[in-house]
Amino acid sequence: MVYRRIGIATGVLVALLGAASVAPLAADKPAFTVGWSVYVGWNPYYYMNKSGIMKKWADKYGISIKVQRFDYAPSLDAFVAKNIEACAMTNMEALDMPAAAGIDTTAMIVGDYSNGNDAVLTRNGVKLKDLPGKKLLLVEKTVSQYLFERGMALNGLESQIKQVRLVNTSDSDIAAAFLSDKSHEAVVTWKPLVSQISKQPGVTNIFNSSQIPGEILDLTVIRTDVLNRADGSGQKFAKALAGAWYETMALMSGKGPAADKVLAAIAEGSQDSLESYKEQLSTTHLLYTPQAALQLSTSPELKQKMTLVKQFCFNHALLGENTKSIDDVAIRYPDASVEGKPGRVRLRFETVYMQMASQGKL
């Protein structure tokens with residue numbers, strides 16, 4: 001199984017991906033690629049592709065859409081290198097990765113937020129207040145570190161964050177590293193790794209993303225230059241993505257054997273069982289309807305939460321080497337307000353496609 005949020009992209013990966021850029025799917029149609037990586041909130045793309053739902057919507061708009069699976073970091077590389085037009089990523093990476101590369105990005109679908117998937121786990125009764133001076137296994141400069149720092153801040157321990165000894169550990173190694181070495185008393189990771197570690201005797205979940213609801217968002221983003229193509233094909237691409245997404249959400253949110261059949265098919269994309277996938281969904285606040293996504297996207301709370309995310313990115317120099325002020329990277333919200341310098345917008349929250357889905361106009 002491959003997991004999301006695996007760290008910072010490399011120039012080597014960009015070069016490799018550039019050499020293997022996707023050829024047009026059909027010479028007579030505008031061709032696009034959407035990238036996804038394995039995670040509970042993004043696995044629906046696997047099903048959209050396999051079931052033919054994506055092709056149906058692409059055909060409706062006279063375009064071709066390739067759905068391509070990546071590991072997470074390479075998906076970000078491909079997006080920044082302009083080898084794919086759209087990609088599934090967290091709000092943090094939607095801000096820091098493209099922004100650091102000067103890419104203007106539009107979040108067109110707000111899919112879910114982590115509602116317990118990400119967690120700080122400890123053994124031996126260790127609490128957050130006990131972490132200063134101890135080692136903490138995590139993937140640095142990702143939502144795992146964000147979660148840890150938010151937990152410390154919310155518990156009045158912000159001044160002690162730098163006293164915790166962070167041990168940068170890849171997602172593929174982190175569970176084994178924690179479970180095999182009892183001297184490690186704390187780890188931050190995400191499901192299904194959280195579930196695996198939590199099964200061990202003496203392990204306690206001391207802080208998780210359900211305590212910061214709406215701060216770790218999962219998005220479908222599109223490059224703004226693609227969306228604004230003069231021939232209108234970029235907007236057709238966005239409409240087809242939204243149509244396919246919400247058709248799949250409707251199937252997933254049903255009841256009984258029919259919905260279970262869809263969920264089981266989605267779980268295949270990550271080599272999960274139906275039971276495992278349902279367990280992951282239980283701590284994911286999936287926004288099954290466009291109305292729910294619109295409500296979150298237009299709420300004042302979104303701005304507050306994105307300010308926290310942007311501050312974290314700025315504090316850890318994730319917004320680009322030449323970013324001297326937090327306002328040098330701006331976010332534009334659906335009400336047209338801009339947080340930061342208006343001429344430096346790098347992330348836009350666009351609700352028009354979710355709105356069209358909610359009105360049945362796609």
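Report follows, based on the coordinates. None of the values given here were measured: they were computed from a predicted structure.

**A closer look at the overall build of the protein**
Each helix and strand in the protein was counted, giving 15 helices and 14 strands. Scaling as 2.2 N^0.38, a compact globule of 362 residues should have a C-alpha radius of gyration of about 21 Å, and the protein matches this with 20 Å. In terms of overall dimensions, the protein has C-alpha extents of about 60 × 50 × 40 Å along its principal axes. In the protein, which comprises 362 residues, the share counted as buried stands at 56%. If you take every contact in the protein between residues at least 6 apart in sequence, the share linking residues at least 24 apart comes to 77%. For the protein, the accessible area works out to roughly 14,600 Å², and carbon and sulfur atoms hold 50% of it. Of the side chains in the protein, 39 bear a positive and 35 a negative charge, and the two mean positions are spaced by 2 Å.

**Describing the layout of surface pockets**
Looking at the largest pocket, its volume works out to about 370 Å³. When residues of the lining of the largest pocket are traced back to their parent elements, those giving at least two are α6 (143-154) and α14 (300-315). For the lining of the largest pocket, the leading source of residues is α6, giving six residues. Looking at the lining of the largest pocket, its residues break down into eight nonpolar, four polar and four charged. Taken domain by domain, the lining of the largest pocket gets at least three of its residues from each of domain 1 (31-115 + 215-358) and domain 2 (118-211).

**Focus: the packing of helix α2 (residues 44-51) against helix α10 (residues 233-252)**
It is the contact of α2 with α10, at a shortest axis distance of 10 Å, that shows an interaxial angle of 100°. Between α2 and α10, the angle falls in the class roughly perpendicular. When α2 is examined against α10, the residues Pro 44, Tyr 45, Tyr 47 and Met 48 are found in contact with a partner set consisting of Leu 241, Ala 244, Trp 245, Thr 248, Met 249, Leu 251 and Met 252. The class makeup of the residues in the contact of α2 with α10 is 10 nonpolar, one polar and no charged.

**So, the pattern of salt bridges**
All told, the structure shown has 14 salt bridges when counted by the stated rule. The salt bridge partner of Lys 310 is Glu 339, with a shortest N-O separation of 3.7 Å. Of this pair, Lys 310 sits in helix α14 while Glu 339 sits in strand β13 (residues 338-339), placing them 29 residues apart in sequence. Taken individually, Lys 310 and Glu 339 each receive the classification buried, so the pair is uniform in this respect. The closest approach of N and O atoms between Asp 328 and Lys 341, which form a salt bridge, is 2.6 Å. Taken together, the positions of Asp 328 in the loop between α14 and β12 (330-332) and Lys 341 in the loop between β13 and β14 (345-349) put the pair 13 residues apart, joining distant regions of the chain. With a relative accessible area of 9%, Asp 328 lands in the buried category. Look at Lys 341 and you get partly exposed, because its relative accessible area is 40%.

**With respect to the packing of aromatic side chains**
Here the distance between the centres and the angle between the planes together describe a pair of aromatic rings. Applying the stated rule across the entire model yields seven aromatic pairs. Note on Tyr 45 and Trp 245: the rings are 5.3 Å apart at their centroids and 40° apart in plane angle, and the pair reads as tilted. One end of the pair, Tyr 45, is in helix α2; the other, Trp 245, is in helix α10, with 200 residues separating them in the sequence. Among the residues examined, Trp 245 registers a relative accessible area of 2% and is labelled buried. With a centroid separation of 5.5 Å and an interplanar angle of 90°, the aromatic rings of Tyr 146 and Phe 312 are classed as edge-to-face. In this pair, Tyr 146 is assigned in helix α6 and Phe 312 in helix α14, connecting sequence segments 166 residues apart. Three or more aromatic residues joined by ring pairs form one cluster here, namely Tyr 39, Trp 42 and Tyr 72. The cationic tip of Arg 123 hangs over the ring face of Phe 178; the distance from NZ or CZ to the ring centre is 4.1 Å.

**Details of helix α13 (residues 290-297)**
All buried positions along α13 are accounted for by Pro 290, Ala 293, Leu 294, Leu 296 and Ser 297. Burial along α13 is one-sided: seen end-on, the buried residues are contained in an arc of 165°. Buried residues along α13 sit in contact with β4 (105-114), β10 (217-223), α10, α14 and α15 (352-358).

**What to know about the side chain of Thr 106**
Relative to the assigned elements, Thr 106 resides in strand β4. Among the residues examined, Thr 106 registers a relative accessible area of 2% and is labelled buried. For Thr 106, the side chain forms a polar contact with the side chain of Thr 224, separated by 2.8 Å. Once residues lying within four places of it in the same chain are set aside, the contact partners of Thr 106 are Thr 220, Val 221, Ile 222, Thr 224, Leu 227, Arg 348 and Glu 350.

So, how was this worked out
Residues numbered from 1 in each chain as written. Predicted model: local features only at pLDDT ≥ 70, side-chain atom pairs only at ≥ 80, totals over all residues. Heavy atoms only, no water. Helix = DSSP H or I, 4+ residues; strand = E, 2+ residues; numbered from the N terminus. Rg over C-alpha atoms; globule rule 2.2 N^0.38 Å. Buried < 20%, exposed > 50% of the residue type's maximum accessible area, 1.4 Å probe, protein only. Contact = heavy atoms within 4.5 Å. Areas by Shrake-Rupley, 256 points an atom, 1.4 Å probe, with all protein chains shown as cover. Lys, Arg positive; Asp, Glu negative; His and termini not counted. Charge placed at Lys NZ, Arg CZ, Asp CG, Glu CD. 1 Å grid on protein atoms, 1.4 Å probe; cavity = no way out; pocket = protein on both sides within 12 Å on 5 of 7 lines; lining within 4 Å. Points joined across faces, edges and corners; volume = space filled by probe spheres on them. Nonpolar A, V, L, I, M, F, W, Y, C, P; charged D, E, K, R; others polar. Domains from an automatic or database assignment. Axes fitted to C-alpha atoms, helices over the stretch in contact; angles between N-to-C directions. Parallel < 35°, antiparallel > 145°, perpendicular 65-115°, else oblique. Salt bridge = Lys/Arg side-chain N within 4 Å of Asp/Glu carboxyl O. Phe/Tyr/Trp six-rings, centres within 6.5 Å; stacked < 30°, edge-to-face > 60°. Lys NZ or Arg CZ within 6 Å of the ring centre and 35° of its normal. Arc of directions from axis to C-beta. Polar contact = N/O pair within 3.5 Å; in protein donor to acceptor, adjacent residues only side chain to side chain.

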